[in-house]
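Fold and contact review
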Amino acid sequence: MSVDPAVVRRIAHLSRIAVEDKEVERLNGEINAILTFVETLSSVDVAGVEPIASVLPMQMKKRADVVTDGGIVDDILANAPVREDNYFVVPKVVE
Amino acid sequence: MSQPAPSKFIKGATGDWEVVIGMEIHAQVTSHAKLFSGASAEYGGAPNDHVSLVDAAMPGMLPVINEECVRQAVRTGLGLEAQINLRSIFDRKNYFYPDLPQGYQISQFKHPIVGEGTVIVDVSPSERITVGIERLHLEQDAGKSLHDLSATESHVDLNRSGVALMEIVSKPDMRSAEEARAYVSKLRTILRYIGSCDGNMEQGSLRADVNVSVRRPGEGLGTRCEIKNVNSIRFIGQAIEVEARRQIGILEDGGKIDQETRLFDPGKGETRSMRSKEEAHDYRYFPDPDLLPLEFDQAFVDALKAQLPELPDAKRARFIAEYGLPPYDAGVLVMERASADFFEQTAKGRDAKLAANWVINELFGRLNKEGLDVAQSPVSAAALGAIIDLISSDVISGKIAKDLFEIVWSEGGDPKDIVESRGLKQVTDTGAIEAAVDAVIAANPDKVEQAKAKPTMLGWFVGQVMKQTGGKANPQAVNDLLKQKLGV
């Protein structure tokens, strides 16, 4: 598996990361290097092996249905560049 | 469902078309706290007040699942006669939007908690269909963006962020807007019986994405369009009708359908493309490394099954068998659990069919008119039962019973006392009725002549006598006496 410059641009866009044209070539090489490295894994025979979703031999922890959190609007908004009436304010996004 | 039904076809300019509909329903799970955090899941609240650091996706925060949401999903799956998966896996569905602080929604992709099931849908008094359920999975809701507070900015409230949703995916088993509406209505009824979702469409607790395609009868599936976020049962029907028409128009003009996401505009009565959504379809799902697989045993499922309430289909069947109700009446009564309970209290020890008629026609009719639900009814089941007793024991006529119902509705009080104190008792004394009959006959000699030639005139006489007696004469007695005296 490998990527090309178009795929690099697409991934950057999906992640909303600004990538300049001159960076694309370098990133393309780096990502392909990583993919080649990971590709080693495909030499392992996994026929008949269940995919694992976790390596921890334990049951998922669960919480009781009780409200124990919230009411901390100042903490939630502490890092917001712009806030108004306890809302986050962001550049207009509309369909 | 494979056999095309010509009665459902849509006529185009060049022949018949069949519309094929599948639906994804997002149902908010009834719970106190969110799916993976301890913040409140309650609707509303001051902006960003029902938000924990988990919901705001602060670095280092880890999700811990709310066990009640798991129970609710399993209970719902049982109500849909569906396969319950003892092991399911949470995945990250990645997309970028300001009201999604994690940058991904925790959802279930390949291994949902609930697999295939079925819903039986009453489309009309004479038609039932079975709609297949493809799957049900648990996922997080996103926050809410408000676009109208400023011309240049959007405001984001994360109170909804992380609230538990069940996405219920149907198979493409519906063939008309009517079937789709009936399906949503039935699903809503089941959810409300189970108590896993309040079904409130105005508050967004139940939202539908509708997949619509058209084809020539007997052909393979056409290209579908997905209409997003339709938020009322009426709009679902309208959206399907206009979208099917749009697609037929394109195909008949020799064009082709682009698979895309569309939005229904109820004001304009049209659907329009949401092009911006297209690119985002690359969700890059992968298992969420923060969460272990969700596992439970069959005993857990069995215990939940044992505690399920009687569901609408079972209740409907019981009403038909136990009370001898026509299937349609039984279906109307079980639409809401509260209505079914009201009926059973009213019918207890009484003529069940009479009780059903009164509940459906008088009570529901009146409640609908006033926009009330059955829990708010000013006439209690006991009072309605008392009115029915008065009819059954011939104390009042059916007509007076309606007046009595009005009195109890607006003034309250014990129906029996009201009948006593206001002199509403039916006159069964033949002497008094006979006097009224004689008076009417004597006053209308011309009508008497007509009646001899035209026996249907009898109805007019009955009306006159009832008027004379203030509606209190026993209609049967009036009828008998008139027939005898007029010789018809």
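Residues numbered from 1 in each chain as written. Chains lettered and ligands numbered in written order. Predicted model: local features only at pLDDT ≥ 70, side-chain atom pairs only at ≥ 80, totals over all residues. Heavy atoms only, no water.

Attention shifts here to the overall build of chain A. In terms of regular secondary structure, chain A is built from three helices and three strands. In terms of C-alpha radius of gyration, chain A reaches 22 Å, well past the compact-globule figure of 12 Å for 95 residues. With respect to the three principal axes, the spread of C-alpha positions in chain A is 55 × 45 × 25 Å. Going through the 95 residues of chain A one by one, you find that 21% of them count as buried. Residue pairs in contact within chain A that sit at least 24 positions apart in sequence constitute 29% of those at least 6 positions apart. In the form shown here, chain A has an accessible surface area of approximately 7200 Å², with 60% of it arising from carbon and sulfur atoms. (Helix = DSSP H or I, 4+ residues; strand = E, 2+ residues; numbered from the N terminus. Rg over C-alpha atoms; globule rule 2.2 N^0.38 Å. Buried < 20%, exposed > 50% of the residue type's maximum accessible area, 1.4 Å probe, protein only. Contact = heavy atoms within 4.5 Å. Areas by Shrake-Rupley, 256 points an atom, 1.4 Å probe, with all protein chains shown as cover.)

A word on the overall build of chain B. For chain B, the helix and strand inventory stands at 16 helices and 17 strands. Relative to the 2.2 N^0.38 estimate, which gives 23 Å for 488 residues, the radius of gyration of chain B is 29 Å and therefore markedly larger than a compact globule would have. The principal-axis extent of the C-alpha atoms belonging to chain B is close to 95 × 55 × 50 Å. The proportion of buried residues among the 488 residues of chain B is 52%.

Moving on, we get to the pattern of salt bridges. Residues and elements named next belong to chain B. Evaluation of the coordinates by the stated rule reveals 44 salt bridges over all chains. In this structure, Glu295 and Arg87 form a salt bridge, with 3.3 Å as the shortest nitrogen-oxygen distance. With a gap of 208 residues between them, Glu295 in strand β17 (residues 294-295) and Arg87 in strand β4 (residues 87-88) connect regions that are remote in the sequence. According to the relative accessible area criterion, Glu295 is partly exposed, its value standing at 27%. Take Arg87: its relative accessible area is 35%, and that puts it in the partly exposed class. The shortest N-O distance in the salt bridge between Arg92 and Asp288 comes to 3.3 Å. (Salt bridge = Lys/Arg side-chain N within 4 Å of Asp/Glu carboxyl O.)

Its domain assignment divides chain B into domain 1 (6-304), domain 2 (310-421) and domain 3 (430-486). Computed from C-alpha coordinates alone, the two centres of domain 1 of chain B and domain 3 of chain B are separated by 63 Å. (Domains from an automatic or database assignment.)

All right, on to the environment of His26 of chain B then. All names here are of chain B. Mapped onto the elements, His26 comes out in strand β2 (residues 15-28). Looking at His26, the relative accessible area reads 11%, which means it is buried. Note: C-alpha distance between His26 and Ala306 (280 residues apart in sequence) is 26 Å. Leave out the neighbours within four places in its chain, and His26 touches Glu139, Leu165, Met166, Glu167, Ser205, Leu206, Arg207 and Asp209. Separated by 3.2 Å, the side chains of His26 and Glu139 make a polar contact. (Polar contact = N/O pair within 3.5 Å; in protein donor to acceptor, adjacent residues only side chain to side chain.)

By the element assignment, Gly349 of chain B lies in the loop between α8 (337-347) and α9 (352-370). Taking the C-alpha atoms as reference points, Gly349 of chain B and Thr469 of chain B, 120 residues apart in sequence, are found 32 Å from one another.

Taken together, the contacts link 41 residues of chain A with 50 residues of chain B. Summed over both sides, the interface between chain A and chain B buries roughly 4100 Å², with carbon and sulfur atoms accounting for 59% of that surface. Per-residue buried area on chain A facing chain B is highest for Met60, Arg63 and Asp65 of chain A; these three make up 19% of the total on that side. Here chain A is connected to chain B by one salt bridge. Here Asp282 of chain B makes a salt bridge to Arg10 of chain A, at a shortest N to O gap of 3.0 Å. Across the contact surface, chain A and chain B share 18 residue pairs in polar contact (both at pLDDT 80 or more). For the side of chain A that touches chain B, the secondary-structure elements that each account for two or more residues are α1 (5-14), β1 (62-63), α3 (73-77) and β3 (87-91) of chain A. (Buried area = accessible area lost by both parts, 1.4 Å probe.)

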